[in-house]
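Below, each chain spelled out in residue letters.
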Amino acid sequence: MTTKGFLRPLTRRAMLSGTAGAATFIATSPLHSPAIAQNAPLKVGMMLPYTGTYAKLGQFIDDGFRLYVEQKGGKLGGRDIAFVQVDDESKPEAATDNMNRLVGREKADVVIGTVHSGVAMAMVKVARDTKTLLIIPNAGANDATGPACAPNIFRTSFSNWQSTYPMGKVMADAGIKNVVTITWRYTAGAEMIGAFAENFTKNGGKIVADLTVPFPEVEFQALITQIAQLKPDAVFSFFAGGGAVKFVKDYAAAGLNKTIPLYGAGFLTDGTIEAQGEAAKGIRTTLHYADNLDNPANLAFLKAFKAKTGKDGDIYAVQGYDGAALLDIGLTAVGGDFNARDKMIAAMGAAKIDSPRGPLSFNKAHNPIQNIYLREVRNGRNEMISVAQAAVDDPARGCKMT
Ligand code: PHB
């Protein structure tokens, strides 16, 4: 029997009203229970956004992770897997309590999370303090595999730097001279814009304005008017999830997609493309994935994901899937013995995964080394145009493990 444990989010409101202690928690059971278990199931805590602007992203990570576990008969490295999950709502202010609850009261052996960089950094702090194994399946906060890097912290997604740095050269090489940037005012936006600008200006480009709105606001009209007045050669942006859908639609509704080409981090159009429809046509982005990568791993993944969920897989699903693959590699190396920590972590660090995204390995800071693709929205898909930069390795500035 499959039972999903679901912790109600530990919000400030819930805490203040004293209801947090009474939060509904459904006991977990392994996905696959043999009649006589050799070992207790390994408890995986999923801390992801299941509501809010990043809800779909969290759900796809969750679906991707569970797909891999199902493909392995409910076991990783021979250990049954049990789940407990919490909705982090992409709220940094609730993150420490949510994470403490997973590793404390719920006794999660490993935590998978999350999407939002601010929430992830709070999780990183708890993981460092408690030595809990943490696999980050999205959030790009540079510091997580930089100054805050640790042996027990891995990332199967990207660093914010990594996802946009290559685009600086791509746009400069395309003859673009003046760019306006636009993003949400928080870690991910600042770091992705910063990395793009670093490479764009190095290659002769000029940033004429950096526009921001608070996360997760979606009132873009005033800034879109400003872009129209500034008339840059192009716009470079980071938005994701529900906010990205709204921004791309607003940009097209203002007619700017016809006069000022829109570029961005690939999150602008990944997992959002269907909802954006015609408005997304022609947008160019960089990301460690493209829908039409025709390697066998991607074809098999997309087919299996569709069969499980009825939906088209995207980068978030891939990152969740690879998170489970990484844990599988670690647990397999120790025959499912989670206490053999050093050996398990060494195996994870040395992992070479045949990912749907292409070859995936890890640097000493435990951040992925991977291709970054230039994509364009064509035929309602993020189609690869070229490899913008092969085997991109984050500099891991400030990490003492390098
Ligand atoms: C982040 O906060 O690091 C973040 C969120 C959503 C994305 C990418 C990065 O799609």
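Structure's up top.
Everything numeric in this text was worked out from a predicted model, so none of it was measured.

Considerations on the packing of helix α2 (residues 55–71) against helix α10 (residues 296–309)
Next up, step 1: Here α2 crosses α10 at 105°, and the two axes come no closer than 10 Å. With respect to α10, the element α2 is oriented roughly perpendicular. For the pair α2 and α10, the contacting residues are F60, D63, G64, R66, L67, E70 and Q71 in the first and F301, A304, F305, K308 and T309 in the second.
Next up, step 2: Residues that form the contact of α2 with α10 fall into these classes: five nonpolar, three polar and four charged.

Regarding the site of the ligand
Next up, step 1: Neighbouring the ligand are 17 residues; V115, S117, G140, Y186 and Y316 lie closest to it.
Next up, step 2: G140 places a polar main-chain atom, nitrogen or oxygen, 3.0 Å from an oxygen atom of the ligand.

Concerning the pairing of strand β8 (residues 178–184)
Next up, step 1: Counting buried positions along β8 gives six out of seven residues, so the element sits mostly inside the fold.
Next up, step 2: In this structure, β8 lies alongside strand β9 (residues 206–213), joined through seven bridges in parallel fashion. Looking at the pairing, I182 lines up with L211 of β9.
Next up, step 3: In this fold, the crossover linking β8 to β9 by way of helix α6 (residues 187–202) has right-handed handedness.
Next up, step 4: The pairing of β8 with strand β10 (residues 234–238) spans five bridges and is parallel. When the bridges of β10 are listed, T181 appears paired with F236.

Thoughts on the pattern of salt bridges
Next up, step 1: The tally for this structure, following the rule as stated, stands at 15 salt bridges.
Next up, step 2: Of the charged contacts in the structure, one is a salt bridge between R66 and D62, with a shortest N-O distance of 2.6 Å. Of this pair, R66 and D62 both sit in helix α2, four residues apart, roughly one helical turn. As far as the burial class goes, R66 and D62 line up, both buried.

Scoring rules and cut-offs
- Residues numbered from 1 in each chain as written.
- Predicted model: local features only at pLDDT ≥ 70, side-chain atom pairs only at ≥ 80, totals over all residues.
- Heavy atoms only, no water.
- Axes fitted to C-alpha atoms, helices over the stretch in contact; angles between N-to-C directions.
- Helix = DSSP H or I, 4+ residues; strand = E, 2+ residues; numbered from the N terminus.
- Parallel < 35°, antiparallel > 145°, perpendicular 65-115°, else oblique.
- Contact = heavy atoms within 4.5 Å.
- Nonpolar A, V, L, I, M, F, W, Y, C, P; charged D, E, K, R; others polar.
- Near = heavy atom within 4 Å.
- Polar contact = N/O pair within 3.5 Å; in protein donor to acceptor, adjacent residues only side chain to side chain.
- Buried < 20%, exposed > 50% of the residue type's maximum accessible area, 1.4 Å probe, protein only.
- Pairing = 2+ DSSP bridges.
- Right-handed = clockwise from strand over helix to strand, strands pointing away.
- Salt bridge = Lys/Arg side-chain N within 4 Å of Asp/Glu carboxyl O.

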